[in-house]
Amino acid sequence: MMGRSRAWFNTAAIRRCLLLTLLFACLPASALAQQEMEIIALRHRTLDQVLPALQPLLEAGGSLSGMNDQLILRASRRNREQIKQALAAIDTPARRLLIRVSQNRDAQSRQQGSEVAGQIVIDQRGRITQPSSGTQGNTRIEVRRGASSITAQAHDRQGTESSGSTQMVQVVEGGRALIHVGQSLPIPLRQMAFGPRGAVVSEGIVYRDLGQGFYAAPRVIGDRVTLEISPQFDSPGKQGYGSIETQRLSTTVSGRLGEWLELGGSSQQTNFGERGNLHSGSSQASDRRSVWLQVEELP
């Protein structure tokens, strides 16, 4: 009897072990059977735009890849539905944007001065003379008596100069835009080279592009836009032939669609004074520049 009990116990234990082994062997197959593969075609966005946003939603053991504007998804039914809902919110038509950049310059100058000049004759052998500096005044007073004359003059000149430009370009959301308009300015070039026969001088003309424009890369989330932008504003200089005044700016800004954003600017001011025996003068000059940006969504 004891031998039969032992045999029955061993048989029952073996059966339980076999059952547990089969159960554990079937569990991975059951889990894999719940994950199915599905191919989803993209309608508006590219794989590079959607994959980084969908990867964090993928369940453990699943896979997500793409080829030829199609997503290849292997996951459970519930996880596939979650990913497809997220994809529907991402795979939308890219918005069309209009970027405007306005660059302005305001310059003001003022010159003031006064001067006394003339000559006083004492007799035939002597006179006192104060020559004029040649400055033409707005107000001039002259007094003469015989051979003697005294002239007094004062001037006050003011000048204002304003210039600006506005460029605009269309671009799709996530794209990049570049616009540049202007002209090529000839600049004289003189070079000297030393060789076996001495110095050789050559002269020529090179051309430098002169104009206004900007480079921009916008990103839109909701009604806010983040923009990497580099505007440029060039104008002929006042220092002589071939001189150029330039303005450069490179920044990243964020704001609401449709509003004007001030990117930055510059301000310069100079003062000059001069005094002599019978004359004095002063001048002031200011130069202010500003750059503004607007991004609108087109229908």
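These figures come from a predicted structure and were not determined experimentally. (Residues numbered from 1 in each chain as written. Predicted model: local features only at pLDDT ≥ 70, side-chain atom pairs only at ≥ 80, totals over all residues. Heavy atoms only, no water.)

## Things to note about the overall build of the protein chain
Put simply, the rule reads: A helix here means a DSSP run of H or I that spans at least four residues, while a strand means a run of E at least two residues long, and both kinds are numbered starting from the N terminus. The cut-offs for exposure are 20% and 50% of the maximum accessible area for each residue type, with area from a 1.4 Å probe on protein chains only; residues under the lower value are buried, those over the upper are exposed, and the others partly exposed. With residues, only the protein chains shown are counted as cover, and all accessible areas are computed by Shrake-Rupley using a 1.4 Å probe.
The secondary structure content of the protein chain amounts to three helices and 14 strands. For the protein chain, the residues scored as buried account for 27% of the 299 residues in total. Per element, the accessible surface of the protein chain, about 20,600 Å² overall, is 53% carbon and sulfur.

## Structural notes on the pairing of strand 3 (residues 70–76)
Stated precisely, the cut-off is as follows: Think of it this way: DSSP has to see at least two bridges between two strands before they count as a pair.
Bridging between strand 1 (residues 35–41) and strand 3 involves seven bridges; their strand directions are antiparallel. When the sheet's bridge partners are listed, M37 is paired in strand 3 with R74. Both strand 2 (residues 63–67) and strand 3 contribute to a ladder of five bridges, which runs antiparallel. Across the sheet, the residue bridging to S63 is R74, located in strand 3. Connecting strand 2 to the next strand, strand 3, in antiparallel fashion are two residues, including N68 with a positive phi near 55 degrees.

## Overview of the environment of G265
The condition that has to hold: Whether two residues are in contact is decided by their heavy atoms, any of which lying within 4.5 Å being enough.
Relative to the assigned elements, G265 resides in strand 13 (residues 260–275). The spatial distance from the C-alpha of G265 to the C-alpha of R289 is 5.1 Å, given a sequence separation of 24 residues. Sequence-distant contacts of G265, defined by excluding residues within four places in its chain, comprise R289 and S290.

## Quick look at the pattern of salt bridges
Definition in use: Salt-bridge detection follows one rule: a side-chain nitrogen of Lys or Arg within 4 Å of a carboxyl oxygen of Asp or Glu.
Across all of its chains, the model carries eleven salt bridges by this definition. When the shortest N-O distance is used, the salt bridge between E173 and R45 registers 3.5 Å. Of the two residues, E173 is situated in the loop between strand 7 (148–172) and strand 8 (177–195) and R45 in the loop between strand 1 and helix 2 (47–54); the sequence distance between them amounts to 128 residues. E173 sits in the buried class, given a relative accessible area of 13%. A relative accessible area of 14% places R45 in the buried class.

## Focus: unusual backbone geometry
In the Ramachandran plot, N68 falls in the positive-phi region, its phi being about 55 degrees despite a non-glycine side chain. Residue class for N68 comes out exposed when judged on its relative accessible area of 66%. The residue D69 is not glycine, and still its phi comes out positive at about 60 degrees. With respect to the element layout, D69 can be found in the loop between strand 2 and strand 3. Its relative accessible area of 44% is what places D69 among the partly exposed residues.

## Details of helix 2
What counts, and what does not: The arc in question is traced by the directions running from the helix axis to the C-beta atoms.
The set of residues buried in helix 2 consists of L47, V50, L51 and L54. With its buried residues spanning 105 degrees around the axis, helix 2 presents them on a single face. Exposed residues on helix 2 whose side chains face more than 90 degrees from its buried face are D48 and P52. Looking at the packing, one finds that the buried side of helix 2 touches strand 2, strand 3 and helix 3 (77–90).

## What to know about the confidence of the model for the protein chain
Defined as follows: For every residue, the predictor assigns a confidence score, pLDDT, that lies between 0 and 100.
Across the protein chain, the average pLDDT comes to 76, with 72% of residues at or above 70. Of all helices and strands in the protein chain, the one with the weakest mean pLDDT is helix 1 (residues 2–34) (50), whereas strand 3 scores best (93). Per-residue pLDDT stays below 50 along residues 1–9; that stretch engages in zero contacts with residues further than four places along the chain or on separate chains. Contacts of residues 26–33 to residues separated by more than four positions or lying in other chains number zero contacts, the stretch itself having pLDDT below 50.

## Looking at the sheet that holds strand 2
What counts here: Comment: axis = line fitted to C-alpha atoms, over the contacting stretch for helices; angle = value between 0 and 180 degrees taken between N-to-C directions.
Across the sheet, which stays open at both edges, the three strands sit in the order 1-3-2 with antiparallel pairing between neighbours. The open sheet has two edge strands, strand 1 and strand 2, and neither has a second partner. Pairwise comparison of adjacent strand axes, ignoring direction, gives a mean angle of 20 degrees for this sheet. Across the sheet, helix 3 is in contact with strand 1 and strand 3; its angle to strand 3 comes to roughly 145 degrees.

## Remarks on the side chain of Q35
In plain terms, the rule: Counted as a polar contact is a pair of N or O atoms within 3.5 Å, where, for protein atoms, one must be capable of donating a hydrogen and the other of accepting one, and residues adjacent in sequence contribute only when both atoms are in side chains.
Structurally, the position occupied by Q35 is in strand 1. Within the local environment of Q35, its side chain forms a polar contact with the side chain of E59, the two groups lying 3.1 Å apart. In contact with Q35, other than residues within four places in its own chain, are E59, A60, G61, G62, R74, A75 and S76.

## Details of a nonpolar patch on the surface
Applied cut-off: Each patch is built from salt-bridge-free residues with over 30% relative accessible area, joining like charges within 9 Å and nonpolar side chains (Val, Leu, Ile, Met, Phe, Trp, Tyr) within 5 Å.
On the surface, M192, F194 and V201 cluster together into a nonpolar patch covering about 350 Å² of accessible area. Its relative accessible area of 39% is what places V201 among the partly exposed residues.

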